[in-house]
Amino acid sequence: MKQFYAFLLVWLVVGGLGRVWAQDRTLSGKITSSTDGSPLPGVNVVAKGSSKGSVSDADGNYTLAAPAGTKTLVFSYIGFLTQEAPVPASSNTVNIAMTEAAQSLDEVIVSGLATSVKRSNAANAVARITADELVGKTRPVTLDAAMSGKIVGANIVQNSGAPGGGISVKLRGISSINGSSEPLYVVDGVFVNNSQFATGAGSGSFSGAGTNQDQAPNRISDINPADIESMEILKGPSAAAIYGTRANAGVIIITTKKGKAGKTKVSFGQDIGFSSAIRLLGSEGWSLDPIGPEGQNKFDYVFGNGTPGSGSKTEIELWQKATAEGKIYDYEKYIYGNTGHISNTRLSVSGGNDKTKFYFAAGLNDETGIQKGTGFQRKSIRLNVDHKLAKWIDFSIGSNYMRTGAQRSFSGNDNRGVSIGYTLAYTPNYAQLFPVNGVYPLSRYTGDSPIAIAERTINDEMTNRFIQSFTSNVYFLQKPNSTLKLALQGGLDYVNTEAEVYFPEDLQSQLTRATPGASRYSKNRSFNTNLQAFLIYNWQLAGGKIDLTSQVGAVRLTTDNDFSWIQGDGLLPKQKNPNTGSVRTFNETWQAWQDVGLVAQQEANYQDKIIGTLGIRFDKSSLNGDNQKWYSFPRASLAVNVAKFDFWSYDPISQLKLRAAFGRTGGVPAYGNIFTSLGTTIIDGQLGSVVPTTVGNPTIEPETAQEIEWGIDLGFLKNRIGLEATYYDKQIFNLLNPYTLSSGTGVTQFNAYPVGDLQNRGIELGLNLVPVEMSNFTWTSSVQYWFNRSKITRLEIPNTTVGSGFSIYGRNQLRLGESPTRWFGSPNVPDENGVAQATRYEDAQPRYQISFSNQIKLFQHFDFGFLLHTSQGNFNSNLTTKQKDTGGTTVDWSQVDNLYGNVGLPNGRARLPTNPNVTAREFIQDASYVRLREVSLYYTLPKTLLTRAFNNVVSNIRVGASAQNPLTWTNYQGYDPEASNFGNQSVGASVDNAAFPNSKRLFFHLAVDF
Amino acid sequence: MKFSFKHMVLLAGLTLSMPSCSFFEVEDTIDPNNPTLESILTNASRIQINQLGIGIQSALRNGRSNFVLVAGSIGREIYNLASTELTWTTELLGSTNGGFSATTLFNGYYADFSQTRRRAEFFKMAAENSAPGALTDAEKDGIRGFVNTVEAYTMLNMLNMQYKNGIRIKYTDLYSPGDLLKPGPFVSYEEGLKEIRRLLDEGATQLAAGGATFGFTMTSGYAGFNTPATFRKVNRALAARTAMYQQDWTGMLTLLNDSFLDLNGPMTTGPNFTYSTTSGDITNPQFQQMNTTASPVVAQSLFITEAEPGDTRVAKKVTKRSSVRAMNGIIGEYDVSLYPTSTLPISIIRNEELILMYAEAMMQTGKLAEAVTALDKVRVAAGLKELAVAKPTVVNNKAALIDELLNQRRYSLFYEGFRWFDMRRYGRLDQLPNDQPNHKVYEQLIRPFAEVQWDAKNPQ
């Protein structure tokens, strides 16, 4: 029977050839995504060789009245590879599973505050990360962690392994010395806060590490990565100029998920995960074996003065007793060797109709750290609604409430012997520190017992945050060749972080204080708003050959901060309320500032062949010395799509774009830089005032950055191979830095002074491939290579150390012709003027980075992916080995390798800076690494199975397993090559001082769509 | 709903109303958290002057901790066995390759004392330009004298630490931005001492004209020295200390006569830095709990073993630890216990030191008997026998008396920042002990990094 119909059809087609061309044939089918089998609405379907086309509906179904002779259908959709499918002669049904493009040329990227441009027409290399790339494979806890290795041109470093993040992101090198080099984050148009709020954990009553050393997470960790649809990264001023004075370090534009018209879709996802330390350092045991040149044993060195027999008798007895009783412990393993448990739950409901679309999502993240008592929790709820009020007016609102908690304990630098990394370094394995009947024994070796710190202290914070966005478009004119619209946008970001730091009164390190027991309760509230209004006029010239977009607009940003804390010292026993302290201190700090910007921009597009943009922004800010002065930030860009010109006939090259962009941005001075204010002090119970030791600069102006970017984009074989090459030259003028004065003047510094200029130059290469594309096997691959070189090109002040650090172990300096992140350390060598100058070492900035990402799809149901990332030639100032050498706990302490020419000395002694040949070289260490950042395998259950089992209630089930950072190859000698003791500083960041170990994470995933 | 003219008008109105005045305006910024410096530079009220005066007395305490820890370590009186900062037991003791690192931690006192000096200068400026009637002329002179004394005190400490590097003695107005670029050149140790003497002499004259009381509150640490006339005695005592470093023995005797020296008085008489646990105040920075492990300050072992039997100062100033603390080859058996509680005052200068200075001036001018009388006062107060009984051979031997003097200073002024300078001025640094073979006693600190870099960029 079948054969008969087939025959009939062939006969009809062949026989009726002459007249059938004029007849239509109705084809239909279903379009799904090959990634997860979900229906794809809005896909363009065109009968090849004709102008007949159609679009798929909300369920992915389409019908097309195609010319009867149609042999092939072309399916195209943003973000997916354009695919062709043959029309079978015997059937009118053509179903297709579309494959996502490695990098789509049709996707839209931002070109202005209120306009966008197709990627194929863009003049900048704008990196774009989709939801699937960000968190679709594995589940980094924060969105900045999820960006690691995925952005060409970015240097992303995890500051500490403590739960809750703490990530530093630097785009195209640092863009400030004293200010932040962290990019501006904009979520659905809202300028969001990414501060690290002070908790007081580094203050004198607690770790005593110092200010800026609270090691708090940065606040972008509040945003649930699962809500994100896409991220666009404007890496430099040439792309970000339109953001003006807030954009020196680049801009990361985040778009959250929106509802789609059609059947209401309910999605549920659950991850179960486990984390464990990537690496533990271990600890060498003890013995009385002679290891020194004169027969000294380890005790003689560590607990004596280095002469034979000088080792403390008490220590030897303690060791012998512990050994005899079998009470030898691995304290590091006890503290950092635990398995963390991770649970992520997601629920989203989305849908709508032509007029109203909604997206609702709730997320629960809960994880415990590798150290007991540490953890991170995030609860997030979001509602995005888009509504078309009338043909000429639409609006969108997005509301997001987040509640984020982190328990981070104490790690990193310390001045009171309490930080766990420090205490572990000094604790021998025969120490007896486990509690006896609830009482924690005192440590003989440091300021406190690591067990007591881990189990009895509090360093917690809880953030409540609300982000609200609003956008609306009002069309005054909607004609075929001209539109005029008013684009309004507003948003607010309210974040309130409450932090509690507590040391009980009977803790060992508190007993040594005049007022034992300390509790600090901080409230940091920040309120940011942004408002903007743009008029956008789109019109066409020369019969539609030239498309022009003109826009003018105004922007207003405000910030209002209120930071306060109360601390009680000398607490009543067992009390945590600071009120119960015998000495109560408190602080209140207010900050408020406003920026206003005016923007004008003209874009012109000649048939997608030549695309140009000219724009300018004027900004004023209350943070500048002259708050009425307007600063201008121009931009210009040009892209030429050579392959689109008629003369281009070389088929293998499907895209050839030459592009150039220029732009300028600014960086406002920090709050308070213009003030010179009196301080207060107390003596004898009386209030005194003192002249400040730093001086404000009332004439301060913003830092400005200017960038030229050149690039070429090539596409081969219908863009199955894409190559993007970019060179940029970014110059930052009038870098603001404290101007260190002659210290004898009694003024340490101008708080901010234009001290010089910095240049960042670099190359970014991206190669996107689809090596195999078959129905049962698709492989997409991407290789990215990038580097940045920095250099101080003008310096108005003496060479000066910048950032934080520890003198002889390496500091960053501002020196003409040198990178500001380069290390300088001992020995001091006199220069030509006889001035002792520290020796020059390597840079903390990587020499280059490469990432290699692969996605393989097998038999329509299996997805395998991995991301390999390497950072090479980046150096850290690492003090971890030195701490352990002093404490006798390095694993190779007793080995004799004759290090630094110290013949016969055990390594633990030979490496110490007491030895004549040991210089900063020992501490400035190569932190290069190769890391398998992500690896994942997913299985999507076949549709037929689902239909049978769940009777169409369940539309999709996906299960999988993944891992984050499962493998790392490095010669680095600390816990992890990614570390920054001082958080998100521009310079002086790469200091590793007993950091919290980073962890690797393993997940099992389940996702169900209804 | 269709787009109409009415809508157009409505929207145009909305658009225009939003960018109203406030949208385009930013606020004038004044510091919401603190008073401005300008508020005291002219027309300061008596209350503001009083607060500045109290502020100086508070700030004068700054730098003390770093000063005594560094001078005490190099002078081999004490060691800071800090497990969190190993440079205290390496770099500071001379064992690091290349000596002090350019950016060494150990110049903290330099910035602190310089800041106090500048603050005092501003106090004087505020008093001179104060609101009409806020201060009498005599009170202004009192403030000038107080300020000059404070400045001299801070400069002497800085100069002794820097020694042959010298210090800067001239500064142009520090506030106006252009002038910050012009600090004067470094002058030699001798010239520095001369300038300090000049400041003190000028201060003494001003204090003499300062009337019956100061125009600001003198805090309780200055009890007995809180009027211009009595504070002048402190000024003269500090001048005598300066004269000692100048080896101007006759000048020193004259100055001591004008000071509060009292051979028969209590050792402890003198002004003090006071401390409290009041919120905003600081506690005694030299106070420490006993037997701590994080960063105990311990005595160099010879301080105990070389003491004369029965010297009560040893038991008062150090306490045996319950367990020995070892760090980088240094063994700490005794904790420093100079200040058993955190609110005890620290002496700025006291009769005990004046008596010892008197003894030194006498022996240097050949009056050995007077010197012995003075030394005996200190010895007896410390529970020791008089020299004629305990060490009869030294009584008439100048060289031996100088040894005895230095030894008494060692025990009387332990951990107060004198031992290193005493051994240096008698050329005896090589007699200071080294606990490890690679240790070395520095003659002076390295010039602060900021100063070196400043001069390299701004040649004088």
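Residues numbered from 1 in each chain as written. Chains lettered and ligands numbered in written order. Predicted model: local features only at pLDDT ≥ 70, side-chain atom pairs only at ≥ 80, totals over all residues.

Here's the deal with unusual backbone geometry
Residues apart from glycine generally show negative phi values, whereas peptide bonds are mostly found in trans. All names here are of chain A. Across the junction of S826 and P827, the peptide omega takes the value 0°, indicating a cis bond. Counting through the fold element by element, P827 comes out in strand β39 (residues 822-830). The residue Q607 is not glycine, and still its phi comes out positive at about 50°. Structurally, Q607 can be placed in the loop between β26 (581-606) and β27 (610-621). C-beta crowding within 10 Å serves as the criterion here: with 14 such atoms nearby, Q607 is assigned to the partly exposed category. Backbone geometry places Y900, a non-glycine residue, at a positive phi of 50°. Structurally, the position occupied by Y900 is in the loop between α12 (880-887) and α13 (907-910). (Helix = DSSP H or I, 4+ residues; strand = E, 2+ residues; numbered from the N terminus. Buried ≥ 20, exposed ≤ 12 C-beta atoms within 10 Å, placed from the backbone.)

Topic: the interface of chain B and chain A
Listed by partner, the interface residues are 94 residues for chain B and 93 residues for chain A. Broken down by secondary-structure element, the contributors of at least two residues to the side of chain B that touches chain A are α1 (5-17), α2 (21-24), α4 (46-59), α6 (108-128), β2 (167-168), β6 (318-327), β7 (330-336) and α18 (449-457) of chain B. Tallied by class, residues from the side of chain B that touches chain A come to 39 nonpolar, 42 polar and 13 charged. (Contact = placed C-beta atoms within 7 Å. Nonpolar A, V, L, I, M, F, W, Y, C, P; charged D, E, K, R; others polar.)

A look at the packing of helix α9 (residues 228-246) of chain B against helix α10 (residues 249-258) of chain B
Residues and elements named next belong to chain B. Axis separation between α9 and α10 bottoms out at 8 Å; the angle between their running directions is 160°. As judged from the angle between their axes, α9 and α10 are roughly antiparallel. Pair α9 / α10 crosses with left-handed handedness. Taken together, the residues of α10 that come into contact with α9 (itself represented by K233, R236, A239, A240, A243 and M244) are G251, M252, L255, L256 and D258. Looking at the contact of α9 with α10 residue by residue, the class counts come to seven nonpolar, one polar and three charged. (Axes fitted to C-alpha atoms, helices over the stretch in contact; angles between N-to-C directions. Parallel < 35°, antiparallel > 145°, perpendicular 65-115°, else oblique. Left-handed = near helix turned anticlockwise from the far one by under 90°.)

Topic: the UniProt feature "domain: RagB/SusD" (unreviewed entry) in chain B
UniProt's feature table lists "domain: RagB/SusD" (unreviewed entry) at residues 343-457 of chain B, given in the numbering used throughout. Taken end to end, residues 343-457 of chain B comprises 55% helix and 2% strand; its first and last C-alpha atoms sit 44 Å apart. (UniProt positions renumbered as here; feature names shortened; annotations may be inferred.)

As for the sheet that holds strand β38 (residues 811-814) of chain A
Residue and element names in this part refer to chain A. On the basis of which strands lie adjacent, the open sheet formed by four strands has the order β37-β38-β39-β40 and antiparallel pairing. One side of each edge strand has no neighbouring strand; the edge strands of this open sheet are β37 (800-802) and β40 (836-843). Across the sheet, the axes of successive neighbouring strands diverge by a mean angle of 55°, strand direction being ignored. (Pairing = 2+ DSSP bridges.)

Side note on the confidence of the model for chain A
Looking at chain A as a whole, its pLDDT mean stands at 87, while 95% of the residues score no less than 70. Below pLDDT 50 for its whole length, residues 1-22 of chain A participates in twelve contacts with residues either more than four positions away or in separate chains. (pLDDT = per-residue confidence, 0-100.)

So, α6(B)
In a regular helix each residue adds 1.5 Å, so 21 residues correspond to 30 Å; α6(B) covers 31 Å between its end C-alpha atoms and thus fits that length. Within α6(B), 17 of the 21 residues are buried, leaving the element largely enclosed by the surrounding structure. (Expected span 1.5 Å × (residues − 1).)

Section: the sheet that holds strand β47 (residues 991-992) of chain A
Strand-to-strand pairing in sheets goes through backbone hydrogen bonds, with the strands running parallel or antiparallel. All names here are of chain A. With respect to topology, three strands assemble into an open sheet ordered β44-β43-β47, the strand pairing being mixed. A single partner strand is all that each edge strand has here, and the edge strands are β44 (924-926) and β47. Here two bridges tie strand β43 (residues 875-878) to β47, and the two strands are oriented parallel to one another. Each residue of the ladder has a partner; that of N878, found in β47, is D992.

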